[in-house]
Each structure stands twice: as C-alpha cells, then as structure tokens.
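Single-letter residue listing:
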Amino acid sequence: MTERPCTVSEVTQAVRQTLETAFPPLWVIGELSGYTQAASGHRYFTLKDESCQLRCVMWRSHRPSGFEPEAGMQVLARGRVTVYERSGQYQLNTTQLFQAGVGRQQLALEELKHRLMAEGLFDEARKRPLPAYPQSIGVVTSQTGAAIRDILQVLGRRFPGVRVVLRPALVQGEGAGEDIAQGIAELNAYGRVDVLIVGRGGGAAEDLAAFNTEAVVRAVHTSEIPVISAVGHEIDFTLTDLAADCRAPTPSAAAELAVRDGAELKAELAKLEQRSYDTLIRLLEENEGLLDAYRESYGLRRVDDLVFQNMQRVDELQKDLHTGVRRIYEARVGACRGLSAQLGTLSPLSVLDRGYSLTQRLEDGAVVQDAGVLSAGDRLRVRFAMGEAMCTVDEVVQDQDGI
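In this report, we go over the structure that sits alongside the text.

Overview of the sheet that holds strand S5 (residues 89-99)
Taking strand neighbours around the barrel as the criterion, the five strands line up as S1-S2-S3-S5-S4 in a closed arrangement whose pairing is mixed. Each adjacent strand pair in this sheet contributes to an overall mean axis angle of 50 degrees, direction not counted. Bridge count between strand S3 (residues 53-58) and S5: two bridges; the pairing is parallel. Residue pairing for S5: valine 57 is matched across the bridge by asparagine 93. In this fold helix H1 (residues 8-22) packs onto strand S4 (74-84) and S5, with an angle of close to 135 degrees to the strand it touches most, S4.

Here's what the structure looks like:
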C-alpha cells in the first residue's frame, strides 16, 4: 500500500518534536558571531567552532549575564534545542548567556545549587519567622566595611538600645567562605543573640563569591538562630540568599527587617492604651446605668428589706438567747446553793459549830474515838470550829465502865 505523502509542515513539526524530546536543556560553548538585537528586544546570534555553527535566539524576557556580547567572544549558553518551523532550521532557545570563563564558574555554581537544592537546603518549609522583638542581634561581616556602619545606623534610628554582637569576618578573597561559616557557628555557640545578619555591601560577582560557597550555605542551613542574608546586590541571588530564613537586598534593609520601628511601636502602644481606656470607661458607664436600673427594681428592694428584717431577727434571737442563758444560770446557781446547804448539814465538820471538836493522832492522822488507843506522850491534832491545836497526851483516863 502506498504511504500517504507528508506535508512540509508535518515533517518540520515531527523533526521539532523529536529534537525537543531528545535534547534536554544543555550548555553550549562557542564563539559568538552575528549578534543582533531586534526592536522587539529579542536577540539573535550564532555560536560556532572550527567546523560547525548553531543558530541561537534569546527572547527579551532573558538577557546576557554581566557583559555586553560582541562578535568573537567565547561564550557559554544554556538553552533548549528546537526548530524554527518557518525556515525549517534548528536553533538553540537560549535562557542564559555568560562569557566563557565566567560561564564555567556559573556552570559550577548551578551544579552546586542543584545538588544543595536536592538535599533540601533551600526548602521554603524549613524557613523560620524572624523574632518580633529581638533583644540582641548578631552580625557576621567585615568590621571595617560600609555594611556594619549601615546596620548600626539603621538599628540606632529604628530601635535604640538593641544589643549588637559583631563577629568580624572576611567577606571576599581566599578563605572568606570558611571564615563566614565559622563566624555563624561561633555566634550559635555563643547563644545570646536572637537573630543573625550575614552579609556585606555590594560588589562584582567575584566579590560575592564567598556567599556562594557550600561552607556558608551549610552553616546558614544548620544555624539554630534565624538568619537574614544581607548581601548587597539587587538583581541576582546568592546561594546564601536561598538558604537563609529571610533575604534582604542590602545590609540596611536587613537591619530594617530585624527590628520594628520604635516610634511606630510607641504610637501603636499609645493607640492601644487609649482604646483600652475608652473601652473601660464605656463599660463602666454602661454598668453604672444597669446598676442604677437594678437598684430601682422591686427585686433588689426586696433583697434589702429581707436583709434588714433578718438583721432585726438576729437581734431578737440574740436577746432571747441572753435571757435564756441568764435564766438557766440563775437556776443552776440556786440549785447549787441548796445542794451545798444539804451537804453542809451532812458533813461531820458541821458538828464543830455546836461546840464539839475532832481529835486526830498526829502520827498517822487517825481519828481518835476511844481514849484507850492513846498512850502518854502521843501527839494529837484537835480541830475546833475555828482553828486547831497541837497537844501532847499526859495521861489516859478510861470511862468508869471501862476495863
């Protein structure tokens, strides 16, 4: 069976689909030639080497990074291979364009970025909110640079008295990344700061290289204290910006993010104080009106009447209690007196009042009823109605009927 002829468009579209599927986004290095920029803002150019050339387009939503392209330059381009259907030519839709030397650095930076991103170091979910009212702010930057001066000036203006702990660090050149990472670790070990500002003033890409190092990114990621990245550049992000809890475009902006404006805070507090006062006065006035209304109601008047009546009843009960207790007391006193009189008549001592006496032997206290139990020389106690006498027996005389 004869195959159906394909149109040119069908062939071109099939080639385009095959190319775009077979080639993921890639980096291409070559010599720049035929570079032009259309009125629309789109850029067209060619990359070539000793034997081949590749047509390229960069849409106006993208732009070369950090240089002005010129013919003859060695450049590094990143993009996706596709086909421009109208002419049937394949081309590279370019999204990034660097000079070759810088481009290799950028390529290494992109590889580091993707590796750290895969580890989760840039995840938005792990980023922490900044403390609302920090009492102490740690800063990792150069002690002689403009960054620390700008930070101190802004903090002094917005929130005077906030404590600043500076850990001086190298911010560019050899060993800068390791020194910055060590500074972050030292302030974490110190512990008495609420938020960290890590950064420097503006500079060229090579000046900011320390903030794209793996050591600094990992130090920011592992910091137990929230970190504000304050690298002074507006356009591009460093890896430190991506790892930090908050990114500020400049050190001054970082200081503004770290503390609230004290004057605004005082004004808010004054408004809240006035609002609270007004609310309290309104509630007091409303309650006073309610109280007056309740005071005039029968229910409250009845309560007052019940209270007064019960107070009167308490007085009456108290009077009755006093009278009853007095009556019981007097009855008990009378009974006691009667019993005492009866007891007195029964007491042997009452006989003494009729002229009799009670004799006891002093030796053992025995009552003497019979003179026969006594001997001459015995000591006696003789008790009378009034007083007593100590006596000595001179002679014992028996009754006439005694033996």
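Having seen the structure, we can now continue with the description.
Quick word on the pairing of strand S12 (residues 379-383)
Residues Leu380 and Val382 of S12 are buried on one face, while the alternating residues Arg379, Arg381 and Arg383, pointing to the opposite face, are not. Here four bridges tie strand S11 (residues 358-361) to S12, and the two strands are oriented antiparallel to one another. Paired with threonine 359 across the strands is valine 382, a residue of S12. Both S12 and strand S13 (residues 388-392) contribute to a ladder of five bridges, which runs antiparallel. In the strand pairing of S13, leucine 380 is matched with cysteine 391. Connecting S12 to the next strand, S13, in antiparallel fashion are four residues, including glycine 387 with a positive phi near 90 degrees.

Overview of the side chain of threonine 12
As for its placement among the helices and strands, threonine 12 is situated in helix H1. Classification of threonine 12 as buried rests on a relative accessible area of 13%. Side-chain polar atoms of threonine 12 contact the backbone oxygen of valine 8, separated by 2.8 Å. Sequence-distant contacts of threonine 12, that is, excluding residues within four places in its chain, are made with Val83, Glu85 and Gly88.

Regarding the side chain of aspartate 179
Tracing the sequence through the fold places aspartate 179 in helix H4 (residues 176-190). Owing to a relative accessible area of 19%, aspartate 179 belongs among the buried residues under this scheme. Excluding residues within four positions of it along the chain, aspartate 179 makes contact with Arg167, Pro168, Ala169 and Leu170.

Comments concerning the layout of surface pockets
Space inside the second largest pocket adds up to approximately 170 Å³. In terms of lining, the second largest pocket is formed by 13 residues, of which the most central are Tyr44, Arg55, Cys56, Val57 and Gln91. Among the secondary structure elements, those contributing two or more residues to the lining of the second largest pocket are strand S2 (43-48), S3 and S5. Grouping the constituent residues of the lining of the second largest pocket by class yields seven nonpolar, five polar and one charged.

Reading the values: the criteria
Residues numbered from 1 in each chain as written. Predicted model: local features only at pLDDT ≥ 70, side-chain atom pairs only at ≥ 80, totals over all residues. Heavy atoms only, no water. Pairing = 2+ DSSP bridges. Helix = DSSP H or I, 4+ residues; strand = E, 2+ residues; numbered from the N terminus. Axes fitted to C-alpha atoms, helices over the stretch in contact; angles between N-to-C directions. Contact = heavy atoms within 4.5 Å. Buried < 20%, exposed > 50% of the residue type's maximum accessible area, 1.4 Å probe, protein only. Polar contact = N/O pair within 3.5 Å; in protein donor to acceptor, adjacent residues only side chain to side chain. 1 Å grid on protein atoms, 1.4 Å probe; cavity = no way out; pocket = protein on both sides within 12 Å on 5 of 7 lines; lining within 4 Å. Points joined across faces, edges and corners; volume = space filled by probe spheres on them. Nonpolar A, V, L, I, M, F, W, Y, C, P; charged D, E, K, R; others polar.

Read these as geometric descriptors, not functional statements.
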